[in-house]
Amino acid sequence: MFFKVNQEECIACGLCALKAEQYFENNHEGLAYLIQDNNSGTHDFNQNDMIKIKVAYTACPTGAIKRKTQPFS
Ligand code: SF4
């Protein structure tokens, strides 16, 4: 599964990094990104990763964290 933060929808609340600190960080503007692929949406996360990322995914108040079965282009 592939994940990407749509930074246009991110309100820099920091919740995802709080919930899943191994996967999310906030840039100098406070906008979140995926650490593993620098938010390119090209890293294929395994089942174990997905369980942890899903906590942030469901917690995000704006739905800015996107997921797909294919890499983001
Ligand atoms: S939880 Fe959502 S809105 Fe908050 S920083 Fe993360 S991606 Fe942005």
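The structure this text deals with has already been given above.
A brief look at the structure comes next. (Residues numbered from 1 in each chain as written. Predicted model: local features only at pLDDT ≥ 70, side-chain atom pairs only at ≥ 80, totals over all residues. Heavy atoms only, no water.)

**Describing the overall build of the protein chain**
The test is simple: The way it works is that DSSP assigns letters per residue, a run of H or I at least four long becomes a helix, a run of E at least two long becomes a strand, and they are numbered from the N terminus. Computation of the radius of gyration draws on C-alpha atoms alone. For the globule rule, the value is 2.2 Å times the number of residues to the power 0.38. Partly exposed describes any residue whose relative accessible area lies between the buried limit of under 20% and the exposed limit of over 50%, with all areas from a 1.4 Å probe on protein chains only and scaled to the type maximum. By the convention used here, residues are in contact when the closest approach between their heavy atoms is within 4.5 Å. In short, Shrake-Rupley with a 1.4 Å probe defines the accessible areas, and a residue's cover is counted only from the protein chains shown. Positive charge is attributed to Lys and Arg, negative charge to Asp and Glu, and no charge count is given to His or to the chain ends. By convention, the point assigned to a charge is CZ for Arg, NZ for Lys, CD for Glu and CG for Asp.
Scanning the protein chain from terminus to terminus reveals two helices and four strands. Taken from N to C terminus, the helices and strands of the protein chain fall in the order β-α-β-β-α-β. Its C-alpha radius of gyration of 11 Å places the protein chain within 12% of the 11 Å reference for a compact globule of 73 residues. Taking the principal axes of the C-alpha coordinates as reference, the protein chain spans close to 25 × 25 × 20 Å. By the burial criterion, 36% of the 73 residues in the protein chain qualify as buried. Look at the contacts in the protein chain between residues 6 or more apart in sequence, and 65% of them connect residues 24 or more apart. As presented, the protein chain carries roughly 4,400 Å² of accessible surface, and 49% of it is formed by carbon and sulfur atoms. In the protein chain, the 7 positive side-chain charges and the 8 negative ones have mean positions that sit 9 Å from each other.

**Looking at the site of the ligand**
Note the cut-off: For each residue, the test is whether any non-hydrogen atom lies within 4 Å of the molecule or strand; if one does, the residue is near. Lys, Arg, Asp and Glu make up the charged group, whereas Ala, Val, Leu, Ile, Met, Phe, Trp, Tyr, Cys and Pro make up the nonpolar group; the residues left over, Gly among them, are polar.
Taken together, 13 residues sit near the ligand, with Cys 10, Cys 13, Gly 14, Cys 16 and Cys 60 positioned nearest. Among the residues making up the shell around the ligand, the classes are represented as 10 nonpolar, three polar and no charged.

**Brief notes about the nonpolar core**
To be explicit about the condition: Note on terminology: a nonpolar core comprises buried Ala, Val, Leu, Ile, Met, Phe, Trp, Tyr and Cys residues joined through side-chain atoms within 4.5 Å.
Counting residues in hydrophobic clusters, the biggest one holds 18 residues, and the most contacted among them are Phe 3, Val 5, Tyr 23, Phe 24, Leu 34, Phe 45 and Ile 65. Every element with two or more residues in this core is listed here: strand 1 (2-5), helix 1 (15-19), strand 3 (32-34) and helix 2 (47-59). The contacts of Phe 3, once residues within four sequence positions are left out, are Leu 34, Asp 37, Gly 41, Phe 45, Met 50, Ile 53, Tyr 57, Ile 65, Lys 66, Arg 67 and Phe 72.

**A short note on helix 2**
Put simply, the rule is: Every helix has an expected span of 1.5 Å times one less than the residues it contains. Fitting axes to the seven residues ending at a residue and to the seven starting there, one defines the bend at that residue as the angle between these axes. Whenever two N or O atoms come within 3.5 Å, that pair is a polar contact, provided that in protein one can donate a hydrogen and the other can accept it, and provided that, for residues adjacent in sequence, both atoms are side-chain atoms.
Over its 13 residues, helix 2 extends 19 Å from the first C-alpha to the last, a length consistent with the 18 Å expected when each residue adds 1.5 Å. Its axis deflected by about 30° at Ile 53, helix 2 carries its strongest bend there. Those residues of helix 2 that sit buried are Asp 49, Met 50, Ile 53 and Ala 56. Residues of helix 2 that are buried sit in contact with strand 1, helix 1, strand 2 (24-26) and strand 4 (65-68). Put simply, Asn 46 is the residue that caps the front of helix 2, since its side-chain oxygen is 3.0 Å from the backbone nitrogen of Asn 48.

**Some points on empty space enclosed by the protein**
As a reminder of what qualifies: The definitions used throughout rest on a 1 Å grid laid over the protein atoms alone, on which a cavity is an enclosed set of points accommodating a 1.4 Å probe that cannot get out and a pocket is an open set flanked by protein within 12 Å on both sides along at least five of seven lines; lining residues are those having an atom within 4 Å of a point. Grid points are joined across faces, edges and corners, and a volume is the space filled by probe spheres set on the points.
Taken as a whole, this structure holds one cavity of 30 Å³ or more when the rule is applied. Cys 10, Cys 13, Cys 16, Ala 32 and Cys 60 are, among the 15 residues lining the largest cavity, the residues nearest its centre. Looking at the lining of the largest cavity residue by residue, the classes come out as 12 nonpolar, three polar and no charged.

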